[in-house]
Amino acid sequence: MAERARDWMAQAERDLAHAENDLTSGFYEWSCFSAQQAAEKAIKALYQTRNQLAWGHSVRELLEGLRDELLVSEPLIEAGKSLDKYYILSRYPNGFPSGAPVDYFTKRDAQGAVDAARKIIRFCKDHLA
């Protein structure tokens, strides 16, 4: 594994644990954001093992960038799309016409985000060199 790939994956797993804790505690907006971060960092670990530069925060785009080398399924791309929605909206009140993110994110959103992140992390771990 590339020198920093282990570091990226370790942080991805910690971010996933954070997302799970926030889901349990009812901090659904933060659970969604942490799940997005977990997936993004796991994918960046995978890029590291391939000596490729991973740029940006879009989980979907990062996954699509791997399609030349790996079979990235459409359901995995869909999981990435769902997580991309949480990168900004889960943190900033100006993402909505009124209210704060806490007013918009639900347990169902957070559970879906955690499940999507788990799938992406599993995919990345399965393909780490």
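Report follows, based on the coordinates. Along each chain, the written sequence defines residue order, and numbers are assigned to residues from 1. Local features in this predicted model are restricted to residues whose pLDDT is 70 or higher, and side-chain atom pairs enter the listing and the counts only when it is 80 or higher, whereas totals over whole chains, interfaces and linings include all residues. Side-chain descriptors were evaluated using all non-hydrogen atoms of the structure, hydrogens and water having been removed beforehand.

### Considerations on the pattern of salt bridges
Inclusion rule: Salt bridges are defined as contacts in which a side-chain nitrogen from Lys or Arg sits within 4 Å of a carboxyl oxygen from Asp or Glu. We call a residue buried when its accessible area falls under 20% of the maximum for its residue type, exposed when it is over 50%, and partly exposed in between, using a 1.4 Å probe and counting protein chains only. Under the scheme used here, helices are H or I runs from DSSP no shorter than 4 residues and strands are E runs no shorter than 2 residues, and both carry numbers assigned from the N terminus.
Applying the stated criterion across every chain yields a total of 12 salt bridges. In this structure, Arg 60 engages Glu 61 in a salt bridge whose closest nitrogen and oxygen atoms are separated by 3.4 Å. Overall, Glu 61 belongs to the partly exposed group, its relative accessible area being 48%. For Arg 118, the salt bridge is made with Asp 115, and the minimal N-O distance between the two is 3.1 Å. Remark: Asp 115 and Arg 118 occur in helix H6 (residues 107-127); sequence separation between them is three residues, near one turn of the helix. Classification of Arg 118 as partly exposed rests on a relative accessible area of 36%. Residue classification places Asp 115 among the partly exposed residues on the basis of a relative accessible area of 30%.

### A short note on the nonpolar core
Put simply, the rule is: Only buried residues count toward a nonpolar core. Its members are Ala, Val, Leu, Ile, Met, Phe, Trp, Tyr and Cys residues joined through side-chain atoms within 4.5 Å. We call two residues in contact when some of their heavy atoms are within 4.5 Å.
Counting residues in hydrophobic clusters, the biggest one holds 38 residues, and the most contacted among them are Ile 43, Leu 63, Val 72, Leu 83, Ile 120, Phe 123 and Cys 124. When residues of this core are traced back to their parent elements, those giving at least two are helix H1 (5-25), helix H2 (28-49), helix H3 (59-64), helix H4 (74-84) and H6. Those residues within four positions of Ile 43 in sequence are excluded, and the remaining contacts are Val 59, Leu 62, Leu 63, Leu 66, Ile 120 and Cys 124.

### Points about the side chain of Ser 90
As a reminder, the rule being used: We define a polar contact as two N or O atoms separated by no more than 3.5 Å, with the added condition that, inside protein, one atom must be a possible hydrogen donor and the other a possible acceptor, whereas residues neighbouring each other in sequence contribute only through side-chain atom pairs.
Looking at where Ser 90 falls in the secondary structure, it is placed in the loop between helix H5 (86-89) and H6. Here the side chain of Ser 90 touches Tyr 86 through a polar contact of 2.5 Å, landing on its backbone oxygen. Beyond its immediate sequence surroundings of up to four residues, Ser 90 is in contact with Glu 29, Phe 33, Pro 101 and Phe 105.

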